[in-house]
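Summary of the model geometry
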Amino acid sequence: MDKITDLVSGEAVLQWLIIFLLLAYFVYKEYPEFKNRMTGGTKKELEEESREKRMEERLARAEWRIADIEEKLKKDYISLEELLRAEQEDKRILQASLEEREITMRALLAIIDGLHEMGANGPTTAAHEELTTYLSKQAHKAN
């Protein structure tokens, strides 16, 4: 036992006690920070994963909305093209109708001229004047 007491002197015990107290003080002060780092990193990771998941959900909803809008636009373009085709067909029909009316009017004028030459002077003269006046006005409007 003497040998052990010789190895352990009061000064060595005091040094070991000071080191132990410093170590205990360090652990006491730094434990909350150490704990926060260990669990906080996990919390941060969980928060980051949660945030990424929410962003992915938002992105998926946005992509779905974009696809829906694109589908609606496609339908609108198809409808617009159909309307444009119908408008072109209406213009073509209108132009043909105008040409037919002009031909009909000229034929009427020729018939009235023929009747006038045969001696029908009554209402054919008035109809001839009205028809020539009308055709003259229409010719000036077209120009």
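Residues numbered from 1 in each chain as written. Predicted model: local features only at pLDDT ≥ 70, side-chain atom pairs only at ≥ 80, totals over all residues. Heavy atoms only, no water.

1. Thoughts on the overall build of the protein
Tallying secondary structure elements over the protein gives three helices and zero strands in all. Expressed as a percentage of its 143 residues, the buried residues of the protein come to 4%. When the accessible surface of the protein is summed, it comes to about 13,400 Å², and 61% of that surface belongs to carbon and sulfur atoms. (Helix = DSSP H or I, 4+ residues; strand = E, 2+ residues; numbered from the N terminus. Buried < 20%, exposed > 50% of the residue type's maximum accessible area, 1.4 Å probe, protein only. Areas by Shrake-Rupley, 256 points an atom, 1.4 Å probe, with all protein chains shown as cover.)

2. Examining the confidence of the model for the protein
Mean pLDDT for the protein: 84, with 86% of residues reaching 70 or above. Element-level pLDDT for the protein is lowest in helix α1 (residues 2-7), with a mean of 58, against a maximum mean of 87 in helix α2 (residues 10-117). (pLDDT = per-residue confidence, 0-100.)

3. So, the environment of E102
Here E102 is to be found in helix α2. Between the alpha carbons of E102 and L135 there is a distance of 8.5 Å; along the sequence they are 33 residues apart.

4. Quick notes on a nonpolar patch on the surface
A cluster of nonpolar side chains, namely L14, L17, I18, F20, L21 and L22, defines an oily patch on the protein surface of about 620 Å² accessible area. Mapped onto the elements, L22 comes out in helix α2. (Patch = residues over 30% accessible without salt bridge, like charges linked within 9 Å, V, L, I, M, F, W, Y side chains within 5 Å. Salt bridge = Lys/Arg side-chain N within 4 Å of Asp/Glu carboxyl O.)

5. Comments concerning the pattern of salt bridges
Close approach of charged atoms allows side chains with opposite charge to pair. For the coordinates displayed, the defined rule picks out six salt bridges. The closest approach of N and O atoms between K72 and D68, which form a salt bridge, is 3.7 Å. Note that K72 and D68 are positioned in helix α2 at a spacing of four residues, about one turn of the helix. Here K72 falls in the exposed class, since its relative accessible area comes to 51%. Note that R106 is salt-bridged to E102, the shortest N-O span being 3.1 Å. With R106 and E102 both in helix α2 and four residues apart, this pair spans about one turn of that helix. Since its relative accessible area comes to 39%, E102 is described here as partly exposed.

6. Looking at a positive patch on the surface
Where like charges cluster on the molecular surface, the positive patch consists of R54, R58, R61 and R65. Relative to the assigned elements, R65 resides in helix α2. (Lys, Arg positive; Asp, Glu negative; His and termini not counted. Charge placed at Lys NZ, Arg CZ, Asp CG, Glu CD.)

7. Overview of a negative patch on the surface
Together, E45, E49, E52, E56 and E57 line one region of the surface with negative charge. With respect to the element layout, E45 can be found in helix α2.

8. Some points on the side chain of T124
As for its placement among the helices and strands, T124 is situated in helix α3 (residues 122-142). Leave out the neighbours within four places in its chain, and T124 touches I112, L115 and H116. (Contact = heavy atoms within 4.5 Å.)

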